[in-house]
Amino acid sequence: MLLAVTLSALAMTAIVAVRYLVTSGGFAWATAKVRPGLYDGLAPQIRKEIGWSLASAAIYGVPAGVVAWGWQELGWTRIYTDFAAYPLWYLPLSLFAYLFLHDTWFYWTHRWMHRPKWFRIAHAVHHASRPPTAWAAMSFHPIEAITGAVVIPALVFFVPIHVGMLGLVLAIMTVMGVTNHMGWEMFPRWLVHSRAGNWVITASHHQRHHDEYRCNFGLYFRFWDRLCKTDNGLARP
């Protein structure tokens, strides 16, 4: 059993690392095409971002691998594969529930990370990226990586979700994590400034957090920032 759990954890670590390298590498390539010169002179910073991110991949991969093994072998979680197990309307509801709960956890732990003591100990690693790049999405101190790594593995024990919707949650988490750090806005202006766009976080919103530090703490949605009056709007183009 121990061997199987270890292999599952190692496999998931490799998957997270490859997912990071492919996604961040893809958007870094797109940045070079769309915004040539944006990352000029940042090679030493990018090497550090990749190093911290690959360390974070192990921290994210181990609990995910253990839970994946428990799901397959012992039925630990509430992940399901049969579309008929729940009404079809539950599919988008579960997707939104996971994103909102993840966003809630992230907002409050992120604010906690900005307390002077914890910023100095851990979160300063992430903010050492000045400016952040597409490679900075997982550039975390191990303490911060742990706070992020436990969320989804914990949720699958309590909130039922179809395996396909779980994959979509992970895809959204990965893409938004990268694109919100890459230093330019890939979404059209009409969407970013639309009524719906005013509630969703994109690079224009998160860039302001990296510029000013004391605002815009959310991950997917601006709900908690608006409610707690920490939303300072969008960064300048």
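Residues numbered from 1 in each chain as written. Predicted model: local features only at pLDDT ≥ 70, side-chain atom pairs only at ≥ 80, totals over all residues. Heavy atoms only, no water.

- The name an unreviewed UniProt entry gives the protein is Sterol desaturase family protein, with Aurantiacibacter gilvus as the organism.
- In its Subcellular location (unreviewed entry) section, the UniProt entry covering the protein states "Membrane". (UniProt positions renumbered as here; feature names shortened; annotations may be inferred.)

## A look at the overall build of the protein
Thinking step 1. Of the regular secondary structure elements, the protein holds 10 helices and 2 strands.
Thinking step 2. For the protein, the succession of helices and strands along the chain, N to C, is α-α-β-α-α-α-α-β-α-α-α-α.
Thinking step 3. In terms of overall dimensions, the protein has a C-alpha envelope of 50 × 40 × 40 Å along the principal axes.
Thinking step 4. Out of the 237 residues belonging to the protein, those deemed buried represent 49%. (Helix = DSSP H or I, 4+ residues; strand = E, 2+ residues; numbered from the N terminus. Buried < 20%, exposed > 50% of the residue type's maximum accessible area, 1.4 Å probe, protein only.)

## Observations regarding empty space enclosed by the protein
Thinking step 1. All chains considered together, the criterion is met by 1 cavity of 30 Å³ or more.
Thinking step 2. Approximately 480 Å³ is the volume found for the largest cavity.
Thinking step 3. Along its surface, the largest cavity is lined by 30 residues, and Tyr-60, Phe-106, Ala-137, Phe-140 and Leu-219 are the ones closest to its centre.
Thinking step 4. Elements with a contribution of two residues or more to the lining of the largest cavity: α1 (2-34), α3 (90-113), α4 (116-127), α5 (142-149) and α7 (163-179).
Thinking step 5. Ranked by the residues each element gives to the lining of the largest cavity, the list is headed by α3, at 6 residues.
Thinking step 6. In terms of residue class, the lining of the largest cavity is made up of 14 nonpolar, 14 polar and 2 charged. (1 Å grid on protein atoms, 1.4 Å probe; cavity = no way out; pocket = protein on both sides within 12 Å on 5 of 7 lines; lining within 4 Å. Points joined across faces, edges and corners; volume = space filled by probe spheres on them. Nonpolar A, V, L, I, M, F, W, Y, C, P; charged D, E, K, R; others polar.)

## Let's talk about the side chain of His-209
Thinking step 1. If you trace the backbone, His-209 turns up in helix α9 (residues 203-212).
Thinking step 2. You can call His-209 buried: its relative accessible area is 0%.
Thinking step 3. At a separation of 3.1 Å, a polar atom in the side chain of His-209 contacts the side chain of His-127.
Thinking step 4. The residues contacting His-209, other than those within four sequence positions of it, are His-110, His-114, His-123, His-127, Cys-215, Asn-216 and Phe-217. (Polar contact = N/O pair within 3.5 Å; in protein donor to acceptor, adjacent residues only side chain to side chain. Contact = heavy atoms within 4.5 Å.)

## Let's talk about the pattern of salt bridges
Thinking step 1. One pass over the full model with this rule turns up 2 salt bridges.
Thinking step 2. Ionic pairing is found between Glu-212 and Arg-208, a salt bridge with its closest N-O pair at 2.7 Å. Here Arg-208 and Glu-212 lie together in helix α9, a separation of 4 residues that amounts to about one turn.
Thinking step 3. The partly exposed category is assigned to Arg-208, whose relative accessible area is 24%.
Thinking step 4. The salt bridge partner of Arg-222 is Asp-231, with a shortest N-O separation of 2.8 Å. (Salt bridge = Lys/Arg side-chain N within 4 Å of Asp/Glu carboxyl O.)

## Examining the layout of surface pockets
Thinking step 1. The calculated volume of the largest pocket comes to roughly 530 Å³.
Thinking step 2. Lining the largest pocket are 24 residues, and of these Met-12, Ala-64, Ala-68, Leu-166 and Leu-170 lie nearest its centre.
Thinking step 3. Within the residue set of the lining of the largest pocket, elements represented by two or more residues are α1, α2 (43-74), α5, α6 (151-155) and α7.
Thinking step 4. Of all the elements, α2 adds the most residues to the lining of the largest pocket, at 8 residues.
Thinking step 5. Broken down by class, the residue content of the lining of the largest pocket amounts to 18 nonpolar, 4 polar and 2 charged.
Thinking step 6. Estimated volume of the second largest pocket: approximately 370 Å³.

## Quick look at the UniProt feature "domain: Fatty acid hydroxylase" (unreviewed entry) in the protein
Thinking step 1. The sites that carry the UniProt feature "domain: Fatty acid hydroxylase" (unreviewed entry) are, in the present numbering, residues 96-230.
Thinking step 2. With 59% helix and 1% strand, residues 96-230 has end C-alpha atoms that lie 22 Å from one another.

## Section: a nonpolar patch on the surface
Thinking step 1. A cluster of nonpolar side chains, contributed by Val-175, Met-186, Phe-187, Trp-190 and Leu-191, occupies part of the molecular surface with about 450 Å² of accessible area.
Thinking step 2. Here Leu-191 shows up in helix α8 (residues 189-192). (Patch = residues over 30% accessible without salt bridge, like charges linked within 9 Å, V, L, I, M, F, W, Y side chains within 5 Å. Areas by Shrake-Rupley, 256 points an atom, 1.4 Å probe, with all protein chains shown as cover.)

## Notes on the environment of Ser-139
Thinking step 1. Relative to the helices and strands, Ser-139 is located in the loop between α4 and α5.
Thinking step 2. Expressed as a C-alpha distance, the spacing of Ser-139 and Ala-11, which sit 128 residues apart in the sequence, is 21 Å.
Thinking step 3. Beyond its immediate stretch of four places on either side in the chain, Ser-139 contacts Lys-48, Glu-49, Trp-52, Ser-53, Val-125 and His-126.

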